[in-house]
Amino acid sequence: MRSPPSLRPIRTAILTVSTSVARRANEDRSGPALAALAEAAGCEIVAMEVVADDFGLIEDRLHSMVDRGCDLILTTGGTGLTPDDVTPEATRAVIERAAPGLAEAMRAESVRHTPLGMLARGVAGVAESTLIVNFPGSPRAVEQLFPVIAPVLGHAVQTLRGESSHGSRHGG
C-alpha cells in the first residue's frame, strides 16, 4: 500500500505569550506542554519562542513563523480579559481567513471543565498556508483542549498544502 503524501510531518511552531516568562520571572510550562502534545500527534516542532504580552511583538513573531513556512503555529497565553491579553488581536492582524470552528470547539470543551472557559478569547485562522490556533496560557487548559483539535490538524494542513481534494480549485 502506498503512503499518502500527508505523512509529511506538520512543521509546527509554538509561541508562548507571557511577559513574566519573557522576563524569566516565571517558567514556561504551557509551551513545553503544547509542544509535547503536538509531537505526540505527529507534528515536528521547528520553533519554540517566548514573547512578552505586546501586540507588535506577537504580530512580528507570527509573521516570521509564517514566512519560515510553518504549517501550524500554536500560541499559548494572552487570551484572557486583562488589558495586556492581546494575542487574539495580534493573531487577527496576521490571519487572512478565520477558522472559528476550532476556537468554538475549544471554548465548548473548556466550559465543560470550568465556567470561566467562556471568558477565553482565543481565535484560529489561516495566514497564507499556515494555520494559527490560540490556546490559553495554562498547562492544564492546554492538556484539556489540544485533544479537541488534534483529530482535524492533519486534514487542515493537508488541505492548506493543496494535498486534498478540498484544497483543489474546481467549479461547482
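Residues numbered from 1 in each chain as written. Predicted model: local features only at pLDDT ≥ 70, side-chain atom pairs only at ≥ 80, totals over all residues. Heavy atoms only, no water.

Engineer: Quick question: what am I supposed to make of the overall build of the chain here?
Structural biologist: Looking only at helices and strands, the chain features six helices and six strands. Listed by position from the N terminus, the elements making up the chain come as β-α-α-β-α-β-α-β-α-β-β-α. The globule rule puts the C-alpha radius of gyration for 172 residues at 16 Å, and the 16 Å found for the chain is close to it. Here the chain holds 172 residues, and the buried ones make up 44% of them. Look at the contacts in the chain between residues 6 or more apart in sequence, and 76% of them connect residues 24 or more apart. Of the roughly 8900 Å² of accessible surface on the chain, a fraction of 53% belongs to carbon and sulfur atoms. (Helix = DSSP H or I, 4+ residues; strand = E, 2+ residues; numbered from the N terminus. Rg over C-alpha atoms; globule rule 2.2 N^0.38 Å. Buried < 20%, exposed > 50% of the residue type's maximum accessible area, 1.4 Å probe, protein only. Contact = heavy atoms within 4.5 Å. Areas by Shrake-Rupley, 256 points an atom, 1.4 Å probe, with all protein chains shown as cover.)

Engineer: I'm lost on the pairing of strand β3 (residues 72-76) in this one. Help?
Structural biologist: A regular strand places its side chains so that they alternate between the two faces of the sheet. By the criterion of burial, β3 is predominantly enclosed, with five of the five residues buried. Covered by surrounding structure in β3 are L72, L74 and T76 together with I73 and T75, the residues of both alternating faces. Bridge analysis of strand β1 (residues 10-17) against β3 gives five bridges, and the strand direction is parallel. Counterpart to T16 in the pairing with β3 is T76. Of the strand pairs in this sheet, β3 and strand β6 (residues 130-135) are connected by five bridges, and their pairing is parallel. The residue bridging I73 from the neighbouring strand is I132, located in β6. (Pairing = 2+ DSSP bridges.)

Engineer: When you look at the pattern of salt bridges in this model, what are you seeing that I'm missing?
Structural biologist: For side chains bearing opposite charge, pairing can occur when the charged atoms are close. According to the stated counting rule, one finds nine salt bridges in the structure shown. The shortest N-O distance in the salt bridge between R121 and E89 comes to 2.6 Å. Residue R121 is found in the loop between α5 (100-113) and β5 (124-127), and its partner E89 is found in helix α4 (residues 87-94); the two are separated by 32 residues along the sequence. Since its relative accessible area comes to 28%, E89 is described here as partly exposed. A network of salt bridges, in which partner residues are shared, links R8, D71, R161 and E163. (Salt bridge = Lys/Arg side-chain N within 4 Å of Asp/Glu carboxyl O.)

Engineer: Just to check I follow, could you spell out a nonpolar patch on the surface for this structure?
Structural biologist: Judged by side-chain polarity, L81, V111, L116, M118 and L119 come together as a nonpolar surface patch covering roughly 510 Å² of accessible area. Relative to the elements of secondary structure, L116 occurs in the loop between α5 and β5. (Patch = residues over 30% accessible without salt bridge, like charges linked within 9 Å, V, L, I, M, F, W, Y side chains within 5 Å.)

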